Amino acid sequence: MALITNSDKQWQTPDDICAHVGDDYAQHHGAIVPPIYQNSLFVQDGANGPYTYSREANPTVEVAERKIAALEGAQGALCFASGMAAISSAILHFVRAGSHLVMVGTAYGPTRRFAAVYLKERLGVETTFVNGSCPQEIFDAVRENTRLIYLESPSSLVFHMQDLDAVSAFAHSRGIGTVIDNTYATPLHQQPLLHGIDISCHTASKYMGGHSDIVAGALAASAEIVESIRKNERELFGACMDPHQAWLLARGLRTLPVRLKRHGESGKKVAAYLESRAEVVRVNYPGSATYPQKELFARYLTGTNGLLSFQLRTTPEQVRRFVASLRVFQRGVSWGGFESLAWPVSLDATPGPERPGAAPDGVRLHVGLEEPSTLIADLEQAFASLRESV
Ligand SMILES: *Cc1c(COP(=O)(O)O)cnc(C)c1O
């Protein structure tokens, strides 16, 4: 069902998987693109397929799920109405009332709030936030009642990485679950399950969808975990993916390899330009020559993308002014679409719960699919306007 099929296994490389897993010409009158089964229900007269009701399973949603499972090297995958639905479902699969969880302090803000506030107040779950760069710090945070170690590698603001092999080996030896937010890398550039991680979560609202037109999420795991989450968290909380959303996601996935290649090439050019500027204290960009966790990057990731952040040698007001003066980069919080975006951010990576509203000392940039020289010229004029204003 949401599990990978034998016919999917003929496709081995990421490009082929993105293009063709889920195709079924014989089933759909030769249609080159599988249609949208925009159905809530499927009639039950004994002769029909395995589908009953779309909160449980839907053939269009399964096209996207099979592509994601194949890309992750997983037995199965599940799609959700958003990335947060996938993430909270993965966490709830492991935690129980009164248990303990270890989470990297650089995880996505709402994920940290889900643990630090929601799970604490509703289920008495304690969370220890760790930096996570050193595996020993994660091991030292583990208690007798720890049920889950939650990773995000690379993280999406300062791009901290964790050593997946070391963490998963330790967790397995203690019977502790492991979940990773793999959104930054996408399954094209990192396959955490092959390093022993139990669940790999994604928001598909970023690169996987790729066109800033859907909010969507997914997770990949073993058949056993997928079946459990499908029957419990997804069916009972009901944050299932809509068939039309799934169709758009599958369409986005077909071009993920070419888009990501371009985002990565342009991201590198913009990062190198920023590193050449005297106004810039530091550029955070996995894959760049100055990236502090180069060894982990080389071990786990096969490519980079268009997301980066940089610290400016100036005041929070000037950071806001810099972002406001950009003309091609639009001001927006998300990333992973075709368009370039900028947002003032605080690059303080002290582990802990979400701290919204901290004074910005830096900028997060998403480098889109525009011509890189257009983007660099836009940054150039923003630096110039910064100089004029001092
Ligand atoms: C955006 C984002 C999410 C949340 O995804 P939604 O689809 O918006 O719920 C989770 N993790 C990371 C790293 C993100 O950037």
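In case you missed it, the structure is sitting above this.
Residues numbered from 1 in each chain as written. Predicted model: local features only at pLDDT ≥ 70, side-chain atom pairs only at ≥ 80, totals over all residues. Heavy atoms only, no water.

Student: Any chance you could explain the site of the ligand here in plain terms?
Tutor: Around the ligand, a shell composed of 15 residues is seen, among which Gly83, Asp181, Thr203, Ser205 and Lys206 lie nearest. Within the side chain of serine 205, one N or O atom sits 2.7 Å away from an oxygen atom of the ligand. One of the side-chain N or O atoms of tryptophan 335 is found 3.2 Å from an oxygen atom in the ligand. Surface burial for the ligand is 90%, taken as the share of its 380 Å² of free accessible area covered by protein chains. Most atoms of the ligand, that is more than half of them, are within 2 Å of grid points of the largest pocket. With 3 residues, the single largest contributor to the shell around the ligand is helix H3 (residues 83-94). In terms of residue class, the shell around the ligand is built from 6 nonpolar, 6 polar and 3 charged. (Near = heavy atom within 4 Å. Polar contact = N/O pair within 3.5 Å; in protein donor to acceptor, adjacent residues only side chain to side chain. Areas by Shrake-Rupley, 256 points an atom, 1.4 Å probe, with all protein chains shown as cover. 1 Å grid on protein atoms, 1.4 Å probe; cavity = no way out; pocket = protein on both sides within 12 Å on 5 of 7 lines; lining within 4 Å. Sits in = over half its atoms within 2 Å of the grid points. Helix = DSSP H or I, 4+ residues; strand = E, 2+ residues; numbered from the N terminus. Nonpolar A, V, L, I, M, F, W, Y, C, P; charged D, E, K, R; others polar.)

Student: Could you clarify how one ought to interpret a nonpolar patch on the surface in this entry?
Tutor: On the surface, a nonpolar cluster with roughly 280 Å² of combined accessible area is contributed by Tyr25, Ile32 and Val33. What makes isoleucine 32 exposed here is its relative accessible area of 62%. (Patch = residues over 30% accessible without salt bridge, like charges linked within 9 Å, V, L, I, M, F, W, Y side chains within 5 Å. Salt bridge = Lys/Arg side-chain N within 4 Å of Asp/Glu carboxyl O. Buried < 20%, exposed > 50% of the residue type's maximum accessible area, 1.4 Å probe, protein only.)

Student: What is the right way to read the pairing of strand E12 (residues 362-366) from this model?
Tutor: Successive side chains on a regular strand alternate, one facing one side of the sheet and the next facing the other. Counting buried positions over the 5 residues of E12 gives 5, a clear majority of the element. On E12, burial covers both faces: Gly362, Arg364 and His366 on one face and Val363 and Leu365 on the other are all buried. Pairing analysis gives 5 bridges linking strand E9 (residues 307-312) to E12, with the strands arranged antiparallel. Residue pairing for E12: leucine 307 is matched across the bridge by histidine 366. Two strands pair when backbone bridges link them, and strand E11 (residues 341-345) and E12 are joined in this way by 5 bridges, in the antiparallel orientation. From the neighbouring strand, valine 345 faces E12, where its bridge partner is glycine 362. (Pairing = 2+ DSSP bridges.)

Student: I'm lost on empty space enclosed by the protein in this one. Help?
Tutor: In this approach the atoms are scanned with a rolling probe the size of a water molecule, which exposes any empty space left behind. If you walk through the whole model with that rule in mind, you get 1 cavity of 30 Å³ or more. Lining the largest cavity are Leu307, Gly332, Ser334, Trp335, Leu341, Ala342, Trp343, Arg364, Leu365 and His366. Among the elements of the structure, E11 and E12 are those that each provide at least two residues to the lining of the largest cavity. A class-by-class count of the residues in the lining of the largest cavity yields 6 nonpolar, 3 polar and 1 charged. (Points joined across faces, edges and corners; volume = space filled by probe spheres on them.)

Student: How should unusual backbone geometry be read in this particular structure?
Tutor: Backbone geometry follows two general trends: most residues other than glycine have a negative phi, and most peptide bonds adopt the trans configuration. Serine 153 connects to proline 154 through a cis peptide bond whose omega is -10°. Position of proline 154 relative to the elements: it lies in the loop between strand E4 (146-152) and helix H6 (164-174). Unlike most non-glycine residues, threonine 186 shows phi in positive territory, near 65°. The residue threonine 186 is located in helix H7 (residues 186-189) in this model. At serine 212, a residue that is not glycine, the phi angle is positive and equals roughly 55°. Note on placement: serine 212 falls in the loop between strand E6 (199-203) and strand E7 (217-221). Relative accessible area serves as the criterion here: at 42%, serine 212 is assigned to the partly exposed category.

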